[in-house]
Amino acid sequence: FFPALIAELRSMSLTGYASGTCLQSLLVGHRESVVPLLIKEVIKLNLVDPFHGHFAVLQELGSSKGAMEAVLKSMFWETPLPMERLQGAGVATEKATLLGVFLRLSSIPETSRDPTTRDVIMMRHPVGEACFADMHRKSRQEVDIAIDSVRVQLHAVQDCLTIFVRGMLKDPTHQDKMFSWVASALRFSEARKKEGFGRYFSSPTSSVGFLFNLFTVMLRLCKPFLDPDDKKSLKIDGSWLVSDHRVDLRKETRVVSTENEVASWMDVRNQARIQQFQQVTATAGGGKRKADESEKVVASESFGTISELFFLTLRAQQVLAPAKVAKEMQKLSEQLYHANRALDTLEQGSEEREKAEEEVAGLMESRIGYDVVLFDPVMLEDMLALARLTARWLFRVAEAPPSIMPLPPPSALFKSLPEFCIENVVDTLTLVAQNIPSVLETLPVTTLHDFLNFVMAFSSSKAHVKNPYLRGKLLQVACFMIPGDRRQGFEFGGGNLSGLFQEHEVSRHHLVPSLINFYIDVEVTGGHNQFYDKFIYRNHMAKILLYVCQFPAYLESVEKFSKDPNTRDTFIRFVTMMLNDANYCFQEAMLKLTEIRKAQHEMALPEYAARPVEERTALEETLSQDGNHTKWGLQQLKDVLNMMQMLTGHVGAPFVGRELGDQTAEMLLYLIDKIAGPKCIELKVTDPEKFAFKPKELLSLTSDIFLKLAAHKEFGAVVIRDGRSYKPEVLKKVVHLNRSFGLQDEAWLNKFDKFRKELEALEAGQTEADQQLGEIPDDFQDPISADIMRDPVRLPTSGQFCDRKTIERILLSDETDPFNRMRLTVDMLEPAEELKAKIEAWITSRRNGAPQAAP
């Protein structure tokens, strides 16, 4: 049938009837015409069926101008206008248009929703049934062979579609129709890019397989200009993004967000946090540009093929969201893992085991179906090339200097860019790094430098990227560029990543300041999840800082930042945030450990098995939740302590200074007391490593930081001021435990013991001085710490008096007046010279033996 049809089409074209009514009737005139029959046949096919004849007809149609004009004017090319207004337009595009039915050929399983429970149900895919059945019983090599064979078919489909579309683009009239079709197909599936799609709500969009094929074809068409050093890329016209001839982007969040766009990620219930965030972003800088440069960008009257392809491909990636698809696949992998574990517990030959094996087989089929498409090395290579081009194009729009940083104030065009221009680059690198990190190892050094330049420039500039979460994702990418070993998916010992940070000039000068500034900024994002989000991002910051500070250039950068008068206060705030995080994580973990200990004790009782099933299930679920919470908290604590151990060995002075000395000592003494003190037995649990609780490791880290700070003479006085946790007998036990468990060498132990004895002598002298003062008058006491004020200041927002170090310590974490929650910063504090003179006079008189008297 197909050869005869192709011969007839060629004959009609050659004899001059290409645009006649006869050809139109043959192709699209009625239900029995060629195109509707072809659509009807292709819709029955799947990826492993014989489809070459169908594609041959498609290619023949595309090669005939008259034939394509007939098709383009018919209802079989684009979804009819009334259908566009319905929610099912995405499905109709895929299943009722000539190009759509070919693009739907894939191996990714589709999903549906249970009409009663609204749960997402994964449907079995014909390709999975045909090619991946019983793969759970096969070896990894056999699975890979199956994946490769289906991927060959997928590439054949994508090759044919690319040839067809490329042919369409050669004719100006057909090109316009082609781009309009792509824009419409993406518009009908825009619901996919909304937060919560597929989980909290659904909409009948085109399938993931359809969108992947469309995106892949667009990528292939971009190949001739993907090299950012090729002059073709200079033809990309950024004003396409402010035009609406293809896609309406007016509702897209801009990189340089407006106040309304910022409000979209802020929690309106917390006005104090919003006020803080607005204050932070208001000081982001960016300067002013000349009036003519800040005017609205005017879109060009027309756009070339390169601009159309480039921006429609970026839009296709945004709508498809491959990173989200990877998360869906990850959920499948987790379900498969738990299903396999459950299978191992069931008896051979039992009915329950047969059902469990069916579940495992189905999950494996679906998982492999995703693998074929999502981790296609050809597509990933093209995605990385597009990401690199996008990064370099963004530099051009930002008018970056040859040194990359600092960026000039945002241009008018840059201000108009939608966030997805940056997010697409981030998502591509994240997708590759989290799933196939070995791909990053083999990227050319020049490409890696381009990506790191991109990360550094835009993560460091609040003027260019207002969204703190997007800046956090940028720095997260830098974390992914840290080389690892085979356990982390790296196959070449880091490959070209190994020397990246040492060789990268921009990072050597700007990475440390960027990390420190963002560590502070993420404290206040205004989002409803900001408290937990900050730990996610700070975890990545800690990993980067610990890695790069093994290189001298980065250590010098840390030292310079901590001592420079222009950045010292910022470094103090950074350390404050670290101490706060350590305190919170440790206290939460200790609380949960006591609950775990109680639960384990209950479960160990003989009568536990006789308790009702509901009670046992509830207790076991609570134990699991407490265990996860404890593990999370202790892992976060370890990251902070590792950073402190590194920093105190090089820049310890800020940790013991006026602003932070008390807080540092309190935190360390509290940890040591809980781990080595008389009540440490309360934290003893069964299988502690299951909860990431390693008391020896914690003791070693904490006591080593403590000894490093002992090198600063101010630290001793600070330690003995902490009347709650400073316990000489506990520090003596620390020496014993470190020696018993072989945690430290003898030289270290001798130094620690010497400092311990010095503390005891200091405490004796301090006790005598305190006794001389006697009872402190209320007017001289700090209302927060209850200690005597040495440097009193007035809080203009509430009129209260506090000791400077006490209120500064609070403001370093939270710039609000603790008495009325009004905005308050350190530079607003007013010295109380008269009160200070009275206090100093009273102290002098008491030490000279004057009797106690009211002020």
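Quantities reported herein were computed from a predicted structural model and do not represent experimental measurements.

(A) Just the nonpolar core, in detail. Counting 241 residues, the largest nonpolar core has Phe 454, Phe 458, Phe 574 and Phe 706 as the members making the most contacts within it. With 15 residues, the single largest contributor to this core is helix 28 (residues 568–604). Other than its neighbours up to four places away in sequence, Phe 454 contacts Ala 391, Leu 394, Phe 395, Ile 422, Val 425, Val 426 and Leu 474. The next biggest cluster of nonpolar side chains, apart from the first, holds nine residues, and it includes Ile 776, Leu 835, Ile 839 and Ile 843.

(B) Fine view of the pattern of salt bridges. As enumerated under the stated definition, the model contains 48 salt bridges in all. Ionic pairing is found between Asp 144 and Arg 140, a salt bridge with its closest N-O pair at 2.6 Å. Separated by four residues within a single helix, Asp 144 and Arg 140 lie in helix 10 (residues 140–169), roughly one turn from each other. Classification of Asp 144 as partly exposed rests on a relative accessible area of 31%. Using a relative accessible area of 52% as the deciding quantity, one classes Arg 140 as exposed. For Asp 753, the salt bridge goes to Arg 756, with nearest N and O atoms at 2.8 Å. In this pair, Asp 753 and Arg 756 both sit in helix 35 (residues 746–773), three residues apart, roughly one turn of the helix. Beyond isolated ion pairs, a larger network of salt bridges with shared partners links Arg 568, Arg 658, Glu 659, Asp 791, Arg 804 and Glu 808.

(C) Quick look at the side chain of Ser 411. Take Ser 411: it is sitting in the loop between helix 18 (377–397) and helix 19 (412–415). Within polar-contact distance, the side chain of Ser 411 engages the backbone oxygen of Val 397 at 3.1 Å.

(D) Broad picture of unusual backbone geometry. In this structure, the amide linkage connecting Met 405 to the following residue, Pro 406, adopts the cis form with an omega of -5°. Here Pro 406 shows up in the loop between helix 18 and helix 19. Positive phi values are uncommon outside glycine, yet Ala 786 reaches one of about 70°. Looking at the secondary structure, you find Ala 786 in the loop between helix 35 and strand 3 (792–794).

(E) Layout of the packing of helix 18 against helix 20 (residues 420–435). Interhelical geometry of helix 18 versus helix 20 gives an angle of 145° and a closest axis separation of 9 Å. Between helix 18 and helix 20 lies a crossing of left-handed hand. Mapping the contact onto sequence places Leu 380, Met 383, Leu 384, Ala 387, Thr 390, Ala 391, Trp 393 and Leu 394 in helix 18 and Cys 421, Ile 422, Val 425, Thr 428, Leu 429, Leu 431 and Val 432 in helix 20. Of the residues in the contact of helix 18 with helix 20, the class split is 13 nonpolar, two polar and no charged.

(F) Summary view of the packing of helix 4 (residues 52–63) against helix 10. The contact between helix 4 and helix 10 brings their axes to 10 Å, and the two run at 10°. On the basis of the axis angle, helix 4 is roughly parallel to helix 10. The segment helix 4 lies against helix 10, with His 52, Phe 55, Leu 58, Gln 59 and Gly 62 engaging Ala 156, Val 157, Cys 160, Leu 161, Ile 163 and Phe 164. Across the contact of helix 4 with helix 10, the residue classes break down as eight nonpolar, three polar and no charged.

(G) Region of the structure containing the environment of Leu 386. Within the secondary structure, Leu 386 sits in helix 18. A relative accessible area of 1% means that Leu 386 is categorised as buried. Between the C-alpha atom of Leu 386 and that of Cys 222, which follows or precedes it by 164 residues, the distance is 8.2 Å. In this structure, Leu 386 is in contact with Phe 215, Leu 219, Leu 226, Phe 310, Thr 313, Leu 314 and Gln 317, ignoring residues within four places of it in sequence.

(H) Main features of the sheet that holds strand 3. The sheet built from three strands is open, its strands ordered 4-3-5 with antiparallel pairing. Looking at strand neighbours, the two that pair on one side only are strand 4 (801–803) and strand 5 (830–831), the edges of this open sheet. Two strands pair when backbone bridges link them, and strand 3 and strand 4 are joined in this way by three bridges, in the antiparallel orientation. Looking at strand 4, one finds that Pro 792 is bridged to Asp 803.

(I) Quick look at helix 22 (residues 445–459). Over its 15 residues, helix 22 extends 21 Å from the first C-alpha to the last, a length consistent with the 21 Å expected when each residue adds 1.5 Å. Buried residues dominate helix 22, accounting for 13 of its 15 residues.

(J) Structural context of the packing of aromatic side chains. For the coordinates displayed, the defined rule picks out 27 aromatic pairs. Between the aromatic rings of Tyr 547 and Phe 551, the centroid separation amounts to 5.4 Å while the plane-to-plane angle is 85°, which identifies the pairing as edge-to-face. Judged on exposure class, the residue Tyr 547 and its partner Phe 551 are both buried. Taken together, the aromatic side chains of Phe 706, Phe 715, Trp 748, Phe 752 and Phe 755 make up a single cluster linked through ring pairs.

(K) View of the environment of Ser 416. Looking at where Ser 416 falls in the secondary structure, it is placed in the loop between helix 19 and helix 20. Using a relative accessible area of 12% as the deciding quantity, one classes Ser 416 as buried. For the pair Ser 416 and Thr 253, spaced 163 residues apart in the sequence, the C-alpha separation amounts to 9.4 Å. In this structure, Ser 416 is in contact with Val 242, Arg 254 and Val 297, ignoring residues within four places of it in sequence. Reaching out from Ser 416, the side chain makes a polar contact with the backbone oxygen of Leu 413 at a distance of 2.6 Å.

(L) View of the side chain of Glu 308. Here Glu 308 lies in helix 15 (residues 305–320). Residue Glu 308 is classed as buried on the basis of its relative accessible area, which comes to 4%. Polar contacts involving the side chain of Glu 308 include one to the side chain of Arg 246, which spans 3.0 Å. Setting aside anything within four residues of it in sequence, one finds Glu 308 in contact with Phe 179, Trp 240, His 245, Arg 246 and Phe 303.

Quick notes on the rules
- Residues numbered from 1 in each chain as written.
- Predicted model: local features only at pLDDT ≥ 70, side-chain atom pairs only at ≥ 80, totals over all residues.
- Heavy atoms only, no water.
- Core = buried A, V, L, I, M, F, W, Y, C linked by side-chain atoms within 4.5 Å.
- Buried < 20%, exposed > 50% of the residue type's maximum accessible area, 1.4 Å probe, protein only.
- Helix = DSSP H or I, 4+ residues; strand = E, 2+ residues; numbered from the N terminus.
- Contact = heavy atoms within 4.5 Å.
- Salt bridge = Lys/Arg side-chain N within 4 Å of Asp/Glu carboxyl O.
- Polar contact = N/O pair within 3.5 Å; in protein donor to acceptor, adjacent residues only side chain to side chain.
- Axes fitted to C-alpha atoms, helices over the stretch in contact; angles between N-to-C directions.
- Left-handed = near helix turned anticlockwise from the far one by under 90°.
- Nonpolar A, V, L, I, M, F, W, Y, C, P; charged D, E, K, R; others polar.
- Parallel < 35°, antiparallel > 145°, perpendicular 65-115°, else oblique.
- Pairing = 2+ DSSP bridges.
- Expected span 1.5 Å × (residues − 1).
- Phe/Tyr/Trp six-rings, centres within 6.5 Å; stacked < 30°, edge-to-face > 60°.

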